[in-house]
Protein chains: 2
Amino acid sequence: MPTLSVFTDVPMAQKLEGSLLKTYKQDDNPNKMFLAYKVCMTSKGRPWVSSVVRKTRMQIAQDPSLNYEYTPVMGMKSFVQASLNLLFGKNSQVIVENRAGGVQTVGDSGAFQLGAQFLKSWCQSSQIVYIVSSQKEPHGLIFQDMGFTVYEHTFWDSAHLCLDPNMLLDVVKHAPHGCVFVIGSMGNCQLTPSQWTQLMTLMKSKEIFPFFDIPYQGLSTGDLEEDARFLHYFVSQGFEFFCSQSLSKNFGIYDEGVGTLVVVALNNQLLLRVLSQLMNFARALWLNPPTTGARIITSVLCNPAMQGEWRQSLEGVVENVMMTKEKVKEKLRLLGTPGSWDHITEQKGSHSYLGLNCKYLGRDSSLVSDLGFGLVFEHKLHGPVELLWDPCGSPEILTLPTVHNSPWARGERDGTTLGSETLWSSPAQQVEYLISEKHIYIPKNGRINFTCINSYNIDYITSSINEAVCFTKDSER
Amino acid sequence: MPTLSVFTDVPMAQKLEGSLLKTYKQDDNPNKMFLAYKVCMTSKGRPWVSSVVRKTRMQIAQDPSLNYEYTPVMGMKSFVQASLNLLFGKNSQVIVENRAGGVQTVGDSGAFQLGAQFLKSWCQSSQIVYIVSSQKEPHGLIFQDMGFTVYEHTFWDSAHLCLDPNMLLDVVKHAPHGCVFVIGSMGNCQLTPSQWTQLMTLMKSKEIFPFFDIPYQGLSTGDLEEDARFLHYFVSQGFEFFCSQSLSKNFGIYDEGVGTLVVVALNNQLLLRVLSQLMNFARALWLNPPTTGARIITSVLCNPAMQGEWRQSLEGVVENVMMTKEKVKEKLRLLGTPGSWDHITEQKGSHSYLGLNCKYLGRDSSLVSDLGFGLVFEHKLHGPVELLWDPCGSPEILTLPTVHNSPWARGERDGTTLGSETLWSSPAQQVEYLISEKHIYIPKNGRINFTCINSYNIDYITSSINEAVCFTKDSER
């Protein structure tokens, strides 16, 4: 008797991400290269590991006094405390007042998963989330899967090639009361004092809940304190918030996926109540978080000499990034590439916008998302519309669905219409040129990982950028 | 202007578990001991670690060729394959036919969290879960929090002091069509061939979905293959199932919390579809599972000499457990403790029922749960009722809420009524005696971890059990 499968109705899941990496892997051109890795790479093209990590790993393996018992649900206490001290400073008021706490979390998603579960259950007025496009996957999707409404935005002004605080303020102005704002590093978004005041006033009056994302403290400016400074400003202004603090990237222990969900509350009593609820969620999620990563990090942070060595290794990475950026700029200058490339060196950190064109000509639309191969526009009449584009398969085909599953409309490559208005023309053709002609894989928004550029590939990359800018038609840079 | 907290309405969470351990920790009696640890202990009272682990950990720390890049969402491929081979045998048909697969999971809850999320989304006819009481926390709660209806049951026949296959069959008989059955080790529940046939026929006809729990393969009989044999029987009968395979306990790397959610489907195509959906859930849960535990285990399993040493270390643990049980039985015999204590040595594995009394005298009720300090009865007229009891605080007070939040009724210690019927009398007084008089902390159901008994404490423990049996009134053993 043939049995019917329980899984008969389960479809193959849509791949959510990694399409760029997958296409790269399938490409058999010998010159192919991938400039969108999440992790920092060494000059030899290997994932960077802080020099203190190997030593510490060995010390831990040799330590006979260590207890390998189950970790508490909330994680290693010493690890959580060391993480908080790193973020706020040991003697910061929020720590002295016992109103900052945390839960050890697992992997790159754990802190968002845990925080989102809490907000879903306990802050039911905050079911709308704003997130920058480059964080939509996977963090925005975590909220979305849980039933939150997720809006994407960007602060990158592709016309002026800079991160624009006014774009941030504009998004906040239009955001509804009580929403959640996922905020990544603000180091590249230089707010004036008056813009800061405006932002704080807006967020306070709208009771916007900040959910910070600190994925690599120290790898933006090379200075741990500087990279977290904007967070202290929110603390000083009396905000309560969550913060996903990842410590895998800045130690180079990507495979250990360790972090903290940091909670700041108005007082200790509120903090304890929030932590007690988070504990129940963490128990159901993983019960006991793995310790190796937490042990390595705690050992380094609690030993002044080791911490000093770690800080130096971070500075080293950032110096290399700046040197690479200078070299890229200089090589483009020598090649006579049109345009100023100052925006490359003006941005901090390993991941920065190249500033290749991706023109949005919609008179009545504004860019909402520019992640990967999809472009989402907010259209005045038609609401959000999405442009899906496959640069490797058939680059000529543009599909235009609305987000609300209405029938797809097909457009032309160089200008298409929705209703009677031109929405865009020649989207991202420089990026497309790099991928399809030069086999250099970079995200649609042109935000690349500069540590992927090294002495072996810099000439090929810069001459390819030069070609892309000079040879693509309608180039206006 | 004082700001209002976002967290104002968040209450302190109820502690879900660990009340026994917490009470033990707060007890300042010098003789106190805790016999309910989850992990195997050495004769010196330290968590057991397999001898191969330390070596392997060192080798990994010293290996310069290792890449610390992000782990794939599904985990280390070699680890998942090694886990599957361990569970089913490398050349088993289910592996040869490519219809068994898995996802690396995190912590003790990860596999259940992931599997439950899948069942919630894709098997909407399976929203009722049956689980044995001792697994209710935390695994049953994971299902419950997701909206499943969770029923507890037990196979422990406290009258005849044995695990009774007929109790299992009875539960299956009354379970609804298409429910999920969480099944732990069946090694102690000796089914006759005709009982097996009956069980398979019942489960097939009701389309019951098995969710196995293999928390410590090899630590039940000392034989890895023997401990997983009942699973092979389900495979041979054409069942599709999930299995939470934990590998932390049998290696003694509790702090690394590593396991696999194993999937068996009718064919490879169905398997791939299920795995693709699980991948999306895993991405949102943790994105990249930590590797240290997986690396240690894979290194051992893929090296025949190391695997041999590991197998020997498992046999050693099980031999010690059996020796301890024999000693406990012999000491109770020498003390003249009433009753036969054969049930102690008849049960396999570290965690076994002591068989202390916990009498359920309800004429119209049957025991549903006997975990920790709560007893849940299924009452003929009133549905599930719960007895909460605090043996350390005020042992005389019994509270009797119904599960559906109806008003609490207070009962007397030695007999209480719900409506006009007597539900129980003198519940668990031998267990209570051990805790309150002797400061020996054991769960309400009397299921203890025998590796917590060693040469330093065995005399105190056995003489205390003897006292408990002889001195408690209404003893009927």
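Residues numbered from 1 in each chain as written. Chains lettered and ligands numbered in written order. Predicted model: local features only at pLDDT ≥ 70, side-chain atom pairs only at ≥ 80, totals over all residues. Heavy atoms only, no water.

### Considerations on the overall build of chain A
- A tally of regular secondary structure across chain A gives 15 helices and 20 strands.
- Here chain A holds 477 residues, and the buried ones make up 60% of them.
- A sequence separation of at least 24 residues applies to 69% of the contacts in chain A between residues at least 6 apart.
- In the form shown here, chain A has an accessible surface area of approximately 19,200 Å², with 53% of it arising from carbon and sulfur atoms. (Helix = DSSP H or I, 4+ residues; strand = E, 2+ residues; numbered from the N terminus. Buried < 20%, exposed > 50% of the residue type's maximum accessible area, 1.4 Å probe, protein only. Contact = heavy atoms within 4.5 Å. Areas by Shrake-Rupley, 256 points an atom, 1.4 Å probe, with all protein chains shown as cover.)

### Quick word on the relation of the copies chain A and chain B
- Least-squares fitting of chain A to chain B yields an RMSD of 0.0 Å, with the transformation described by 0.0 Å of translation along the axis and a rotation of 180 degrees. The transformation relating the two chain copies, once decomposed into turn and shift, fits a two-fold axis.
- Take the interface residues of chain A: 100% of them recur as interface residues in chain B, which is what a same-surface contact looks like. (Least-squares fit on C-alpha atoms with pLDDT ≥ 70 in both.)

### Quick notes on the pairing of strand β4 (residues 149–153) of chain A
- Sheet topology places strand β3 (residues 128–132) of chain A next to β4(A); 5 bridges connect them, and they run parallel. Bridging across to β4(A), A:Tyr130 finds its partner in A:Tyr151. (Pairing = 2+ DSSP bridges.)

### Some details on the packing of helix α3 (residues 77–88) of chain A against helix α9 (residues 224–236) of chain A
Residues and elements named next belong to chain A.
- In the contact formed by α3 and α9, the axes pass within 7 Å of each other and the chain directions differ by 85 degrees. Comparing their axes, α9 and α3 come out roughly perpendicular. The residues of α9 that touch α3, namely those facing Leu86, Leu87 and Phe88, are Leu224, Ala228, Leu231, His232 and Val235.
- Of the residues assigned to the contact of α3 with α9, the class counts are 7 nonpolar, 1 polar and no charged. (Axes fitted to C-alpha atoms, helices over the stretch in contact; angles between N-to-C directions. Parallel < 35°, antiparallel > 145°, perpendicular 65-115°, else oblique. Nonpolar A, V, L, I, M, F, W, Y, C, P; charged D, E, K, R; others polar.)

### Structural notes on the sheet that holds β3(A)
Residues and elements named next belong to chain A.
- One open sheet accounts for 7 strands, arranged β2-β10-β9-β8-β7-β3-β4; its pairing is mixed. Edge strands, defined here as strands with exactly one partner in the open sheet, are β2 (100–106) and β4. Adjacent strand axes in the sheet meet at a mean angle of 20 degrees when their direction is disregarded.
- Note: β2 against strand β10 (residues 258–264), 7 bridges, orientation antiparallel. Paired with Gly101 across the bridge in β10 is Val263.
- Packing against the sheet, α3 makes contact with β2, β8 (209–214), β9 (241–246) and β10, and its axis sits at approximately 65 degrees to β10.

### As for the interface of chain A and chain B
- Chain A puts 80 residues into the contact, and the matching count from chain B is 80 residues.
- Taking both partners together, chain A and chain B bury about 7,000 Å²; carbon and sulfur atoms supply 60% of that area.
- In this structure, the connection of chain A to chain B is made through 2 salt bridges.
- Taken together, the links from chain A to chain B amount to 39 residue pairs in polar contact (both at pLDDT 80 or more).
- For the side of chain A that touches chain B, the secondary structure elements donating two or more residues are α2 (51–62), α5 (110–122), α6 (136–145), β10, α10 (268–285) and α11 (292–301) of chain A.
- Among the elements that take part in the side of chain A that touches chain B, α10(A) stands out by supplying 11 residues, more than any other. (Buried area = accessible area lost by both parts, 1.4 Å probe. Salt bridge = Lys/Arg side-chain N within 4 Å of Asp/Glu carboxyl O. Polar contact = N/O pair within 3.5 Å; in protein donor to acceptor, adjacent residues only side chain to side chain.)

### What about the nonpolar core?
- Judged by nonpolar contacts, the single largest core of 102 residues is most densely connected at B:Phe88, B:Phe181, B:Leu199, B:Phe234 and B:Phe241.
- Each of domain 1 (18–47 + 307–358 + 427–476) and domain 2 (71–302) of chain B gives at least three residues to this core.
- Other than its neighbours up to four places away in sequence, B:Phe234 contacts B:Ile183, B:Met186, B:Trp196, B:Leu199, B:Met200, B:Met203, B:Pro210, B:Phe212, B:Phe239 and B:Phe241.
- Residues A:Cys189, A:Val235, A:Leu247 and A:Trp341 belong to the second largest nonpolar core, which totals 101 residues. (Core = buried A, V, L, I, M, F, W, Y, C linked by side-chain atoms within 4.5 Å. Domains from an automatic or database assignment.)

### As for the domain arrangement of chain A
Residues and elements named next belong to chain A.
- By the assigned domains, chain A splits into domain 1 (18–47 + 307–358 + 427–476) and domain 2 (71–302).
- One C-alpha centre belongs to domain 1, the other to domain 2; they are set 28 Å apart.
- The interface of domain 1 with domain 2 comprises 23 residues on the first partner and 26 residues on the second.
- Carbon and sulfur atoms supply 59% of the area that domain 1 and domain 2 bury against each other, a total of about 2,100 Å² over both sides.
- When residues of domain 1 are sorted by the area they lose upon contact with domain 2, Trp310, Lys348 and Tyr353 head the list and together hold 32% of the total.
- The partner of Asp108 in a salt bridge is Lys38, with the nearest N and O atoms 3.4 Å apart.
- Put simply, domain 1 and domain 2 have 6 residue pairs in polar contact (both at pLDDT 80 or more) between them.
- Residue contributions to the side of domain 1 that touches domain 2 peak at 7 residues, all from helix α12 (residues 304–334).
- Residues that form the side of domain 1 that touches domain 2 fall into these classes: 9 nonpolar, 8 polar and 6 charged.

### Looking at helix α5 (residues 110–122) of chain B
Residue and element names in this part refer to chain B.
- In this model, α5 (13 residues) spans 18 Å end to end at C-alpha, consistent with the 18 Å of a helix rising 1.5 Å per residue.
- Burial of α5 is extensive: 10 of the 13 residues sit out of reach of the surface.
- Of all the residues in α5, the buried ones are Gly110, Ala111, Phe112, Gln113, Leu114, Gly115, Ala116, Gln117, Phe118 and Leu119. (Expected span 1.5 Å × (residues − 1).)

### Some words on the environment of A:Gln269
- Within the fold, A:Gln269 resides in helix α10.
- On a C-alpha basis, the gap between A:Gln269 and A:Gln430 in space is 54 Å, while along the polypeptide they are 161 residues apart.

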